[in-house]
Amino acid sequence: MFDLSGQVALVTGASRGIGRAIALALARQGALVGAAARDDHAAGTVSEIASAGGRAEALSVDVTMPDSVERGVRMFLDRQGRIDVLVSNAGIARDQLLLRMKREDWDAVIATNLTATFLCTQAVLRPMIKQRSGRIICISSVVGQMGNAGQANYAASKAGLVGFAKSMAREVASRGITVNVVAPGLIDTDLTRALDAATRDQWAAQVPLGRLGSTADVAAAVCFLASEEAAYITGQVLAVNGGMYM
Ligand SMILES: NC(=O)c1ccc[n+]([C@@H]2O[C@H](COP(=O)([O-])OP(=O)(O)OC[C@H]3O[C@@H](n4cnc5c(N)ncnc54)[C@H](OP(=O)(O)O)[C@@H]3O)[C@@H](O)[C@H]2O)c1
């Protein structure tokens, strides 16, 4: 199941956390992975994939810079000849109550979480249309579905991805391309590991399945959506949140 042999996948934000786990999982399923992050940050992910016998290359891409996205995707395409899967995962948070939120924090979050997905999708769309096949997977968040005090910028960017994905799904369905969203809940990453045990326990108590999610939980959902088994699924939001939001 979920055999991705012969597929070429590009993952943004692949240097750590969820993106790294997605890159590793796609490679394990047989895909050749372009692991993108700023500078050489994704080099460690690529070494880990290579040590496990997979194939990957590191790409230096700042997803907020149109030229950087264009150049990174073009170089990847020149070398690999095709792109079958885009996972738009790079993301940031700049939390603040709205009355105190600075315009630059609003702009930075929208640029990294939402506009970057537009830029990356536009960059891969032409080759996917030519191939008459493709999978675009956007990483949103439970916060985009239920909102969260202090995260208006983050929630708006993540909810925006849902409207973007549904519109794109309609636009490119006839070309054999599917567009879906994965919406993780609370995931055990560096971010959540930095919290004290009591706060983590409080968070886990809000989750019906009683624990934080793992990066592997999210990566498994992405592998499914990238696979042939998900060929008839498009314009959907797959929540990976332990039941936190239903
Ligand atoms: N962690 C959670 O609980 C959780 C829950 C729901 C949704 N999510 C979403 O899942 C995604 C990954 O989250 P995470 O927790 O794994 O985050 P993370 O550990 O902070 O990693 C963020 C990734 O995004 C990359 N990135 C940030 N800004 C970038 C830019 N301008 N250009 C290129 N790459 C950039 C980083 O690369 P650099 O090395 O270049 O900084 C890094 O690889 C995000 O979209 C996040 O919103 C996370």
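Basis of the calculations
- Residues numbered from 1 in each chain as written.
- Predicted model: local features only at pLDDT ≥ 70, side-chain atom pairs only at ≥ 80, totals over all residues.
- Heavy atoms only, no water.
- Helix = DSSP H or I, 4+ residues; strand = E, 2+ residues; numbered from the N terminus.
- Contact = heavy atoms within 4.5 Å.
- Areas by Shrake-Rupley, 256 points an atom, 1.4 Å probe, with all protein chains shown as cover.
- Lys, Arg positive; Asp, Glu negative; His and termini not counted.
- Charge placed at Lys NZ, Arg CZ, Asp CG, Glu CD.
- Near = heavy atom within 4 Å.
- Polar contact = N/O pair within 3.5 Å; in protein donor to acceptor, adjacent residues only side chain to side chain.
- Expected span 1.5 Å × (residues − 1).
- Phe/Tyr/Trp six-rings, centres within 6.5 Å; stacked < 30°, edge-to-face > 60°.
- Buried < 20%, exposed > 50% of the residue type's maximum accessible area, 1.4 Å probe, protein only.
- Pairing = 2+ DSSP bridges.
- Salt bridge = Lys/Arg side-chain N within 4 Å of Asp/Glu carboxyl O.
- Core = buried A, V, L, I, M, F, W, Y, C linked by side-chain atoms within 4.5 Å.
- Arc of directions from axis to C-beta.

**Student:** Talk me through the overall build of the protein chain; I want residue IDs and the actual numbers.
**Tutor:** Looking only at helices and strands, one finds 9 helices and 7 strands in the protein chain. With respect to the three principal axes, the spread of C-alpha positions in the protein chain is 50 × 35 × 35 Å. For the protein chain, restricting intrachain contacts to residue pairs at least 6 apart in sequence, the fraction spanning at least 24 positions comes to 69%. A total of about 12,000 Å² of accessible surface is found on the protein chain, and carbon and sulfur atoms cover 52% of it. Charged side chains of the protein chain number 24 positive and 22 negative; the gap between the two group centres comes to 5 Å.

**Student:** If you had to explain the site of the ligand to someone new, which residues and values would you point to?
**Tutor:** Every one of the 27 residues lining the ligand counts as a neighbour, but S15, I18, H41, N89 and Y154 are closest to it. At 2.8 Å, a side-chain N or O of K158 approaches an oxygen atom of the ligand. The contact in question runs from a nitrogen atom of the ligand to an N or O atom on the side chain of T189, over 3.4 Å. Burial of the ligand by the protein chains amounts to 90% of its free accessible area of 890 Å². Listed by contribution, the elements that provide at least two residues to the shell around the ligand are α1 (17-28) and α6 (152-172).

**Student:** If you had to explain α6 to someone new, which residues and values would you point to?
**Tutor:** For α6, spanning 21 residues, the distance from its first C-alpha to its last is 30 Å, which sits close to the expected 30 Å at 1.5 Å a residue. Looking at the buried residues of α6, the elements they touch are α4 (103-131), β5 (134-139), α5 (142-146), β6 (177-184) and β7 (237-240).

**Student:** For the packing of aromatic side chains, give the residues involved together with the corresponding values.
**Tutor:** For the structure on display, the rule yields 1 aromatic pair. Centre to centre, the rings of F2 and F224 are 5.5 Å apart; their planes meet at 50°, and the pair counts as tilted. One end of the pair, F2, is in the segment before β1 (8-12); the other, F224, is in helix α9 (residues 215-226), and 222 residues separate them in sequence. Judged by relative accessible area, which is 21%, F2 ranks as partly exposed.

**Student:** Provide a residue-level description of the pairing of β6, including the pertinent values.
**Tutor:** When you tally the buried positions in β6, you get 8 out of 8 residues, the bulk of the element. Burial along β6 is two-sided: I177, V179, V181 and A183 and T178, N180, V182 and P184, pointing in opposite directions, are all buried. Direction of pairing for β6 relative to β7: parallel, over a ladder of 4 bridges. Its bridge partner lying in β7, V182 is registered against L238.

**Student:** Provide a residue-level description of the pattern of salt bridges, including the pertinent values.
**Tutor:** All chains considered together, the criterion is met by 10 salt bridges. When the shortest N-O distance is used, the salt bridge between R79 and E57 registers 2.4 Å. In this pair, R79 sits in helix α3 (residues 66-80) while E57 sits in strand β3 (residues 55-60), placing the two residues 22 residues apart along the sequence. Since its relative accessible area comes to 14%, E57 is described here as buried. R200 is paired through a salt bridge with D188; the nearest N and O atoms lie 3.3 Å apart.

**Student:** Describe the nonpolar core, listing the residues and the values that go with them.
**Tutor:** Formed by 34 residues in total, the largest nonpolar core has its most connected members in I22, L26 and V182. Elements with a minimum of two residues in this core: β1, α1, β2 (32-37), α2 (43-51), β4 (85-88), β5 and α9. Every residue in contact with I22, bar those within four places of it in the chain, is listed here: V11, V87, N89, I139, A219 and V222. In terms of nonpolar packing, the next biggest core, distinct from the first, is built from 32 residues, L59, L77, A90 and V172 among them.

**Student:** Got a sec to walk through α3? Specific residues and values, please.
**Tutor:** The terminal C-alpha atoms of α3, which comprises 15 residues, lie 21 Å apart, in line with the 21 Å expected from a rise of 1.5 Å per residue. The set of residues buried in α3 consists of S68, V69, G72, V73, F76 and L77. Looking down the long axis of α3, one finds its buried residues gathered within 155° of arc, a one-sided arrangement. Pointing more than 90 degrees away from the buried face of α3 are the exposed residues D67 and D78. Directly after α3, the chain includes G81, whose backbone phi takes a positive value near 85°.

**Student:** Lay out the environment of L125 with the relevant residues and their values.
**Tutor:** Tracing the sequence through the fold places L125 in helix α4. As for L125 and I83, which are separated by 42 residues in sequence, their C-alpha atoms are 9.1 Å apart. For L125, the contacting residues outside a window of four places in its chain are I136, M168, V172 and I177.

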